[in-house]
Amino acid sequence: LKTEYFTAVIFLNLIWISWGCNMTDTYIEQKIIERFLTIADTFDDGDNTPVITSPVTDTDGNVTYPNIQFPNMSFKRPVSGIWFEIFFLPSMPQQQELGSAGRNRWNGLVQINVNYPKDSGTYEPNFAFDCIAGKFRRGDIFNGIRVQQSAYRSSALIHDDYYSMPVTIWCQADLDN
């Protein structure tokens, strides 16, 4: 699993470098996804299953995770087990330094919905939340991104056939103009 994860991360970084991109909120989105994917090495003590399902590479070389719904990506919801939805809600950057070369401050949040079959208890969703919260603690800094408030969960939502626990992470970074 580690090799597959790092292959996906290296691929994403090579694309980023080849495009010659500056650090923008899309860069922050990518780095937050990478940080989230590091919980792939976490296993549930109860049944020794990974929190994140091993990645799959399709015939075109695209790497996907069967239990993660990324923004604007096709996704087939698993019939059983936990699955995640990721949403990015960036704000408008605010000027932080003077001059055209001055950096801008970006504040935003990431919402990761932890979803689980309805009437299946809360052990696995709570375990997944604990894994996410362990990677996004207030004061953590990674790739120039600061976690402003520890990951927290909101009241769960019950849908027709699944339970959904919203997990929110507030982040901040200073971006090149």
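Residues numbered from 1 in each chain as written. Predicted model: local features only at pLDDT ≥ 70, side-chain atom pairs only at ≥ 80, totals over all residues. Heavy atoms only, no water.

A.B. asks: Report on the overall build of the protein, specifying residues and quantitative values.
C.D. replies: A count of helices and strands for the protein gives three helices and ten strands. For the protein, the α and β elements follow one another from N to C terminus as α-α-β-β-β-β-β-β-α-β-β-β-β. Residues classed as buried in the protein amount to 38% of the 177 residues present. Carbon and sulfur atoms make up 52% of the accessible area of the protein, which totals about 10,000 Å². (Helix = DSSP H or I, 4+ residues; strand = E, 2+ residues; numbered from the N terminus. Buried < 20%, exposed > 50% of the residue type's maximum accessible area, 1.4 Å probe, protein only. Areas by Shrake-Rupley, 256 points an atom, 1.4 Å probe, with all protein chains shown as cover.)

A.B. asks: Any chance you could break down the pattern of salt bridges for me, citing the residues and the numbers?
C.D. replies: According to the stated counting rule, one finds seven salt bridges in the structure shown. Between Lys 31 and Glu 34 there is a salt bridge, and its shortest N-O distance comes to 3.4 Å. Of this pair, Lys 31 and Glu 34 are both found in helix H2 (residues 25-37), three residues apart, which corresponds to roughly one turn of the helix. There is no split in this pair, since Lys 31 and Glu 34 are both buried. Between Arg 105 and Asp 174 there is a salt bridge; the shortest N-O distance is 2.7 Å. You can see Arg 105 sitting in strand E6 (residues 104-117) and its partner Asp 174 sitting in strand E10 (residues 162-175), a full 69 residues away along the chain. Through salt bridges with shared partners, a single network forms among Arg 35, Arg 137 and Asp 140. (Salt bridge = Lys/Arg side-chain N within 4 Å of Asp/Glu carboxyl O.)

A.B. asks: Summarise the packing of aromatic side chains; cite the residues concerned and give the values.
C.D. replies: The relation between two aromatic rings is expressed through the spacing of the ring centres and the mutual angle of the planes. Under the counting rule described, the total for this entry stands at six aromatic pairs. Pairwise contacts between aromatic rings join Phe 75, Trp 83 and Tyr 162 into one cluster. We note Arg 153 situated over the ring of Phe 129; from NZ or CZ to the ring centre the distance is 5.4 Å. (Phe/Tyr/Trp six-rings, centres within 6.5 Å; stacked < 30°, edge-to-face > 60°. Lys NZ or Arg CZ within 6 Å of the ring centre and 35° of its normal.)

A.B. asks: How would you explain the side chain of Gln 30 if you had to name every residue and give the values?
C.D. replies: Of note, Gln 30 is situated in helix H2. Residue classification places Gln 30 among the buried residues on the basis of a relative accessible area of 9%. A polar contact is formed between the side chain of Gln 30 and the side chain of Glu 34, at a distance of 2.9 Å. (Polar contact = N/O pair within 3.5 Å; in protein donor to acceptor, adjacent residues only side chain to side chain.)

A.B. asks: Describe the pairing of strand E4 (residues 83-90), with residues and values.
C.D. replies: Side-chain direction in a regular strand flips from residue to residue, so the side chains alternate between the two faces of the sheet. Direction of pairing for strand E3 (residues 68-69) relative to E4: parallel, over a ladder of two bridges. Considered in E4, the bridge of Ile 68 is made with Phe 84. Pairing between E4 and E6: eight bridges, direction antiparallel. Looking at the pairing, Phe 84 lines up with Val 114 of E6. (Pairing = 2+ DSSP bridges.)

A.B. asks: Now, about the pairing of E10: what can you tell me, with residues and values included?
C.D. replies: Among the 14 residues in E10, 13 count as buried, and that is most of the element. Sheet topology note: the E6/E10 ladder contains 14 bridges and is antiparallel. Within the sheet, the bridge partner assigned to Ile 112 lies in E10 and is Val 167. Note that strand E8 (residues 145-153) and E10 share six bridges and pair antiparallel.

A.B. asks: Got a sec to walk through helix H3 (residues 123-135)? Specific residues and values, please.
C.D. replies: For an α-helix the count is 3.6 residues per turn, leaving residues at separations of three or four pointing the same way. Here H3 contains 13 residues, and its C-alpha end-to-end distance of 19 Å stays within 8% of the 18 Å for a straight helix at 1.5 Å per residue. What H3 keeps buried is the set Pro 125, Phe 127, Ala 128, Phe 129, Cys 131, Ile 132 and Ala 133. Buried residues belonging to H3 abut H2, E4, E6, E8 and E10. (Expected span 1.5 Å × (residues − 1). Contact = heavy atoms within 4.5 Å.)

A.B. asks: Kindly report on the side chain of Asp 174, identifying the contributing residues and their values.
C.D. replies: Here Asp 174 falls in the buried class, since its relative accessible area comes to 14%. At 2.7 Å, the side chain of Asp 174 and the side chain of Arg 105 are in polar contact.

A.B. asks: Hey, could you go over the nonpolar core for me, with residue numbers and the actual values?
C.D. replies: The biggest cluster of nonpolar side chains holds 40 residues, and the ones touching the most others in it are Phe 36, Ile 52, Phe 84 and Ile 132. Within the residue set of this core, elements represented by two or more residues are H2, E4, E6, H3, E8 and E10. Top element by residues in this core is E10. It accounts for seven residues. In this view, Ile 132 contacts Phe 36, Ile 39, Phe 84, Ile 112, Val 114, Val 167 and Ile 169; residues no more than four positions away in its chain are not counted. (Core = buried A, V, L, I, M, F, W, Y, C linked by side-chain atoms within 4.5 Å.)

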